Amino acid sequence: MKLSLPSLMTAALLACSSVAVPAHAQEYPVRPIRMVVPYAAGGGTDFVARAVSERLAAGLDQPVVVDNRAGANGVTGSDIVAKAPPDGYTLLIGAAGTLVVAPHLGRLPFDPTKDLVPITNLGTSAFIVAVNPSVPVKTLAEMIAYAKSQPGKINYGSSGTGGSPHLATELFTSMAGVQMTHVPYKGLSLAITDLLGGHI
């Protein structure tokens, strides 16, 4: 049986809220829902959150407010959700960089496996290599050759240190045998702006 996105989200939210709310509680939801995006506005995670929030709000007949809380590669916003009451009114649009990778890089102010309950997978994304048109390359092979000719002089941007884009690029540089300089941002939208401006 296939379920639409709104029905999947509704079922998951009700199951989640029934764990934390006593049986005599009001129907869910009776007030607006806060959807925390732990990255800057304008990035891929924010785009998904805004698309989902509209459909979720229509299906639940309650506003779903997207709240961007960028910082520390998603840890700041994720911590807000981890410390919120477990009543189904504060949701997190999480990502692997924060919830899977970050715990292995240092101490977090929350435990992703104990303080957060997954509801559903909203999607997957692929990584691409994009360069400013001023960079004299047209293919990945040309990019690798160009980077090898200028070790450490090419800057690349990511959504933050330890995030998936950062780690993927470090894997790429390692496999390609090139050296590039990492420039971490508070979100990919900010990195894309600098890419378009020719700064990275």
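Colleague: Looking at this model, I keep getting lost on helix H2 (residues 44–60). Mind explaining?
Modeller: Note that an α-helix has 3.6 residues per turn; residues three or four places apart therefore point the same way. End to end, H2 covers 24 Å across 17 residues, agreeing with the expected 24 Å (1.5 Å per residue, within 8%). Within H2 the residues assigned to the buried category are Asp46, Ala49, Val52, Ser53, Leu56, Ala57 and Leu60. Seen along its axis, H2 keeps its buried residues to an arc of 135 degrees; they face one direction. Counted as exposed and oriented over 90 degrees from the buried face of H2: Gly44, Phe47, Glu54, Ala58 and Gly59. Of the residues flanking the end of H2, it is Asp61, one or two places downstream, whose phi is positive at about 60 degrees.

Colleague: How should I be thinking about the side chain of Asp46 in this particular structure?
Modeller: Position of Asp46 relative to the elements: it lies in helix H2. A distance of 3.0 Å separates a polar atom in the side chain of Asp46 from a polar atom in the side chain of Asn68. The contacts of Asp46, once residues within four sequence positions are left out, are Val37, Ala40, Ala41, Val66 and Asn68.

Colleague: Looking at this structure, how should I read the packing of aromatic side chains?
Modeller: Remark: the centre distance and the inter-plane angle together describe each pair of aromatic rings, the angle taken between the planes. Tallying each qualifying case throughout the model produces one aromatic pair. For the cation-ring pair, Arg31 lies above Tyr89, with the distance from its terminal atom to the ring centre recorded as 3.8 Å.

Colleague: Teacher, can you tell me more about helix H8 (residues 188–196) here?
Modeller: Residues Ser189, Ala191 and Leu195 constitute the buried set of H8. Buried residues along H8 cover an arc of 160 degrees about the axis, so they all sit on one side. Buried residues along H8 sit in contact with strand E4 (155–158). Once H8 ends, the next one or two residues include Gly198, with phi positive near 80 degrees.

Colleague: Got a minute to help me understand the sheet that holds strand E2 (residues 64–68) in this structure?
Modeller: The strands making up a sheet associate through backbone hydrogen bonding, with each pair oriented either parallel or antiparallel. Read across the sheet, three strands follow the order E2-E1-E3 without closing on themselves; strand pairing throughout is parallel. Every other strand in the sheet has two partners, leaving E2 and strand E3 (90–92) as the edge strands with one partner each. Strand-to-strand twist across the sheet, computed as the mean angle between neighbouring axes with direction ignored, equals 25 degrees. The strands touched by H2 are strand E1 (33–37), E2 and E3; relative to E2, the strand with the most contacts, the crossing angle is about 160 degrees.

Colleague: Mind showing me how you'd approach the nonpolar core here?
Modeller: Here is a general trend for soluble globular proteins: nonpolar side chains tend to be buried in one another's company. Grouped together as the largest cluster of nonpolar side chains are 15 residues, with contacts concentrated most on Ile33, Met35, Val37, Ala49, Leu56 and Val64. Only E1, H2 and E2 provide two or more residues apiece to this core. Broken down by element, this core gets its largest block of residues, five residues, from H2. When neighbours within four sequence positions are excluded, Ile33 is seen to be in contact with Tyr28, Leu60, Pro63, Val64, Val65, Gly88, Tyr89 and Leu91.

Colleague: What is the right way to read the side chain of Ser159 from this model?
Modeller: Tracing the backbone through its elements, the reader meets Ser159 in the loop between E4 and helix H7 (164–176). With near-sequence residues (within four places) excluded, Ser159 lies in contact with Asn73, Pro165, Tyr185, Lys186, Gly187 and Leu188.

Colleague: Quick question: what am I supposed to make of the pattern of salt bridges here?
Modeller: When the charged atoms of two side chains lie near each other, side chains of opposite charge can form a pair. The final tally for this structure, using the stated rule, is five salt bridges. Residue Asp46 is joined to Arg50 by a salt bridge in which the shortest nitrogen-to-oxygen separation is 2.9 Å. Of the two residues, Asp46 and Arg50 are both situated in helix H2; the distance of four residues between them amounts to about one turn of the helix. With a relative accessible area of 35%, Arg50 lands in the partly exposed category. One salt-bridge network, in which partners are shared between bridges, spans Arg34, Asp67 and Arg69.

The rules behind each value
- Residues numbered from 1 in each chain as written.
- Predicted model: local features only at pLDDT ≥ 70, side-chain atom pairs only at ≥ 80, totals over all residues.
- Heavy atoms only, no water.
- Helix = DSSP H or I, 4+ residues; strand = E, 2+ residues; numbered from the N terminus.
- Expected span 1.5 Å × (residues − 1).
- Buried < 20%, exposed > 50% of the residue type's maximum accessible area, 1.4 Å probe, protein only.
- Arc of directions from axis to C-beta.
- Polar contact = N/O pair within 3.5 Å; in protein donor to acceptor, adjacent residues only side chain to side chain.
- Contact = heavy atoms within 4.5 Å.
- Phe/Tyr/Trp six-rings, centres within 6.5 Å; stacked < 30°, edge-to-face > 60°.
- Lys NZ or Arg CZ within 6 Å of the ring centre and 35° of its normal.
- Pairing = 2+ DSSP bridges.
- Axes fitted to C-alpha atoms, helices over the stretch in contact; angles between N-to-C directions.
- Core = buried A, V, L, I, M, F, W, Y, C linked by side-chain atoms within 4.5 Å.
- Salt bridge = Lys/Arg side-chain N within 4 Å of Asp/Glu carboxyl O.

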